[in-house]
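Take a look at the letters that make up each chain.
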Amino acid sequence: MTDISSRKADHINLALQSEHQSQQGSGFDRLRFEPNPLPQVALEEIDLNSNFLQQTISAPFLIGAMTGGCDNGELINRHLAEAAEACNIPMAVGSQRAALELGTQQQARRWAPSAILLGNLGATQLQKQGLDMAQRAVDSIAANGLMIHLNPLQELVQPNGDRDWNMVLEAIEHCVANLSVPVIVKEVGAGIGPGSAKRLMDAGVQWVEVAGRGGTSWASIELARNGSAREREIAAPFIDWGMDTVELLPAVHGACPTLNLIGSGGVRHGLDIARCIRLGAQTTALAQPFLKPALESTEAVIEKIAILQEQLRWAMFLTGSQNLSQLRNATIQ
Ligand SMILES: Cc1cc2nc3c(=O)[nH]c(=O)nc-3n(C[C@H](O)[C@H](O)[C@H](O)COP(=O)(O)O)c2cc1C
């Protein structure tokens, strides 16, 4: 196993453990819809269809970026991609850095010939290898968009992580201007706030995945892998660094009303998806909730997607929302 693939295998094992989910909770439960006991609509008439990157998808969520590049990574990605194809739900692949560096064949497009697929690279890779690597990431899976992840805290806690973040915004700007597909910038669980969202917009970015605090905690996962007592002591106060998705979404939407937002970080069921849509997200993403079904089978992922869709339908029914535009105006407390 290479260093990267053993790191990815650790990530999967640790991400499955509840102690590496935010210990402060997600805050989503604080947001309550006003119940509407007169929905005036039949459950089966509720329309979950949504638009994403100029295509219609079957519901407003995507399979969030999770890693390939380790022994069972291929199987995980196959189950996710086949389910994405079967359900017409977009899938974001995990970081393609290892595959591109090792020259490994990436199969996601073969398993999902018509689904929306999003490539993925870390922002610090772009700073070093630029547009060429970004275009190779896109071409290798015929991606419909490229996700660029910002993870400065994770890199600090990770042994030998990237600590030079100079010129990252410029590298992103260059990609946005020259890449053949749209760029989506995301965090990995600490969140992108209004100030950073504005700077990204000024650099030409039109899509931001908030990936706020409340779900998978990468500081906690990397801390568990870090054997240095000194580094662990330095990192300890930052374990809950970041802002909750439920706070970030309205703040970013208010500051940048024309920016397209993906609500993510601690989204755990269809009611959370409804909450994100109500708070201004175009769509949402869930990563960790798909990990266990993805280790099992394509059918298990399809079933998870069906449950999320049904939960969203219930949330819409109980707020009297026949479609997503009506959900966006549902009353909240
Ligand atoms: C096992 C695992 C691997 C991940 N790998 C990546 C990655 O390679 N690239 C990336 O941008 N985000 C990665 N993430 C972060 C997720 O896309 C997401 O932003 C974060 O986990 C918060 O969402 P969640 O609370 O739904 O898990 C990974 C998440 C998990 C659980």
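Structure's up top.
Below or above, wherever it landed, is the structure these notes cover. Keep in mind it's a predicted model, so treat the numbers as computed, not measured.

## Some words on empty space enclosed by the protein
- Following the criterion strictly, the structure yields 1 cavity of 30 Å³ or more and no others.
- One number sums up the size of the largest cavity: a volume of about 150 Å³.
- Forming the boundary of the largest cavity are 21 residues, of which Leu153, Gly189, Ala190, Trp218 and Trp241 lie nearest the centre.
- Those elements that place two or more of their residues in the lining of the largest cavity are helix H6 (152-157) and helix H9 (218-225).
- The element best represented in the lining of the largest cavity is H6, accounting for 3 residues.
- For the lining of the largest cavity, a count of residues per class yields 9 nonpolar, 9 polar and 3 charged.

## Overview of helix H5 (residues 123-140)
- Look at H5: only 18 Å from first C-alpha to last across 18 residues, short of the 26 Å you get at 1.5 Å a residue.
- At Gln129, H5 shows its maximal bend, which comes to roughly 120°.
- Listed in full, the buried residues belonging to H5 are Ala123, Thr124, Gln125, Leu126, Gly130, Met133, Ala134, Ala137 and Val138.
- For H5, the secondary structure elements touched by its buried residues are helix H3 (97-102), strand E5 (117-122), strand E6 (145-149) and helix H7 (168-178).
- Positive phi shows up at Ala142, right after H5, with a value of about 45°.

## Some words on the site of the ligand
- The environment of the ligand is made up of 23 residues, and the closest members are Ala65, Ser95, Lys186, Thr216 and Arg268.
- In the model, an oxygen atom of the ligand is placed 2.9 Å from a nitrogen or oxygen of the Lys186 side chain.
- Protein chains bury 97% of the 600 Å² of accessible surface belonging to the ligand in isolation.
- By residue class, the composition of the shell around the ligand is 10 nonpolar, 10 polar and 3 charged.

## Remarks on helix H11 (residues 245-255)
- Among the residues of H11, Thr245, Val246, Leu248, Leu249 and Val252 are the ones counted as buried. Buried residues of H11 fall within an arc of 160° about the axis and therefore sit on the same side.

## Side note on the nonpolar core
- If you look at the biggest cluster of nonpolar residues, it comprises 82 residues, and the most contacted ones within it are Phe61, Ile63, Leu80, Phe290, Ile305 and Leu327.
- If we skip the residues at most four places from it in the chain, Leu327 touches Phe33, Ala274, Ile277, Arg278, Leu312, Met316, Thr319 and Ser321.
- By size, the runner-up hydrophobic cluster in this structure holds 13 residues, among which are Leu53, Ala65, Ile184 and Trp207.

## A few points about the packing of aromatic side chains
- Under the defined criterion, the tally for this structure stands at 2 aromatic pairs.
- Ring centres 5.0 Å apart and planes at 85° place the aromatic pair Phe52 and Trp207 in the edge-to-face group. Taken as a pair, Phe52 in strand E1 (residues 50-52) and Trp207 in strand E8 (residues 207-209) lie far apart in primary sequence, 155 residues in all. Considered together, Phe52 and Trp207 belong to a single accessibility category, that of buried residues.

## Observations regarding the packing of helix H12 (residues 270-278) against helix H14 (residues 298-318)
- Contact geometry of H12 with H14 gives a least axis separation of 7 Å together with a crossing angle of 55°. On the basis of the axis angle, H12 is oblique to H14. Seen from above, H12 lies across H14 with right-handed handedness. Together, Gly270, Leu271, Ile273 and Ala274 of H12 and Leu308, Gln311, Leu312 and Ala315 of H14 make up the contact between the two elements.
- Of the residues belonging to the contact of H12 with H14, the class tally is 6 nonpolar, 2 polar and no charged.

## Digging into the sheet that holds strand E3 (residues 61-66)
- If you walk around this closed barrel you meet the 8 strands as E3-E4-E5-E6-E7-E8-E9-E10, and the pairing is parallel. Between one strand axis and the next, the sheet turns by 25° as a mean value, whatever way the strands run.
- By the bridge criterion, 2 bridges tie E3 to strand E4 (residues 91-93) in an arrangement that is parallel. In the strand pairing of E4, Met66 is matched with Val93.

## Concerning the packing of H5 against H7
- Axis separation between H5 and H7 bottoms out at 8 Å; the angle between their running directions is 20°. By the angle class used here, H5 and H7 are roughly parallel. Crossing geometry of H5 relative to H7 is assigned as left-handed. Here H5 contributes Ala123, Thr124, Leu126, Gln127, Leu131 and Ala134 to the contact with H7, which in turn contributes Val168, Ala171, His174, Cys175 and Asn178.
- When its residues are assigned to classes, the contact of H5 with H7 shows 7 nonpolar, 4 polar and no charged.

Conventions we followed
- The residue count restarts for each chain, going from 1 along the sequence in the order it is written.
- Owing to the predicted nature of the model, reporting of local features is limited to residues with pLDDT of at least 70; listing and counting of side-chain atom pairs is limited to 80 or more, with chain, interface and lining totals taken over all residues.
- In computing side-chain properties, one takes all heavy atoms of the structure into account and sets aside hydrogens as well as water.
- Think of a 1 Å grid over the protein atoms and nothing else: a 1.4 Å probe that fits but is trapped marks a cavity, an open set flanked by protein within 12 Å on at least five of seven lines marks a pocket, and residues with an atom within 4 Å of a point count as lining.
- Grid points are joined across faces, edges and corners, and a volume is the space filled by probe spheres set on the points.
- Segments assigned H or I by DSSP are reported as helices when at least four residues long, segments assigned E as strands when at least two residues long, and all are numbered from the N terminus.
- Gly falls in the polar group here, along with every residue not listed as nonpolar (Ala, Val, Leu, Ile, Met, Phe, Trp, Tyr, Cys, Pro) or charged (Asp, Glu, Lys, Arg).
- To estimate how far a helix should reach, multiply one less than its number of residues by 1.5 Å.
- What we call the bend at a residue is the angle made by axes fitted to the seven residues finishing there and the seven residues starting there.
- Per-residue accessibility, obtained with a 1.4 Å probe over protein chains only, is compared with the maximum for each type, and a residue is labelled buried under 20%, exposed over 50%, and partly exposed between these values.
- Only heavy atoms matter for contacts: two residues are in contact if any of them lie within 4.5 Å across the pair.
- Summary of the distance rule: residues count as near a molecule or strand when at least one heavy atom falls within 4 Å of that molecule or strand.
- Identification of polar contacts relies on pairs of N or O atoms within 3.5 Å, with a donor-acceptor requirement for protein atoms, meaning one able to donate a hydrogen and the other able to accept it, and with residues adjacent in sequence counted only if both atoms are side-chain atoms.
- All accessibility values rest on the Shrake-Rupley procedure with a 1.4 Å probe; residue burial counts only the protein chains present in the view.
- By definition, the arc is the one covered by directions from the helix axis to the C-beta atoms.
- Residues belong to a common nonpolar core when they are buried Ala, Val, Leu, Ile, Met, Phe, Trp, Tyr or Cys residues joined through side-chain atoms within 4.5 Å.
- Any Phe, Tyr or Trp ring, taking Trp's six-membered ring, that has another such ring centre within 6.5 Å forms a pair; planes under 30 degrees apart are called stacked, those over 60 apart edge-to-face, and the others tilted.
- Every angle, taken between N-to-C directions, lies between 0 and 180 degrees, and every axis is a line fitted to C-alpha atoms, over only the stretch in contact when it is a helix.
- To sort the angles, those under 35 degrees are grouped as roughly parallel, those over 145 as roughly antiparallel, those from 65 to 115 as roughly perpendicular, and the leftovers as oblique.
- Crossings are classed by handedness, with left-handed meaning an anticlockwise turn of the near helix from the far one by less than a right angle and right-handed meaning a clockwise turn.
- Should DSSP find at least two bridges between two strands, the strands are taken to pair.

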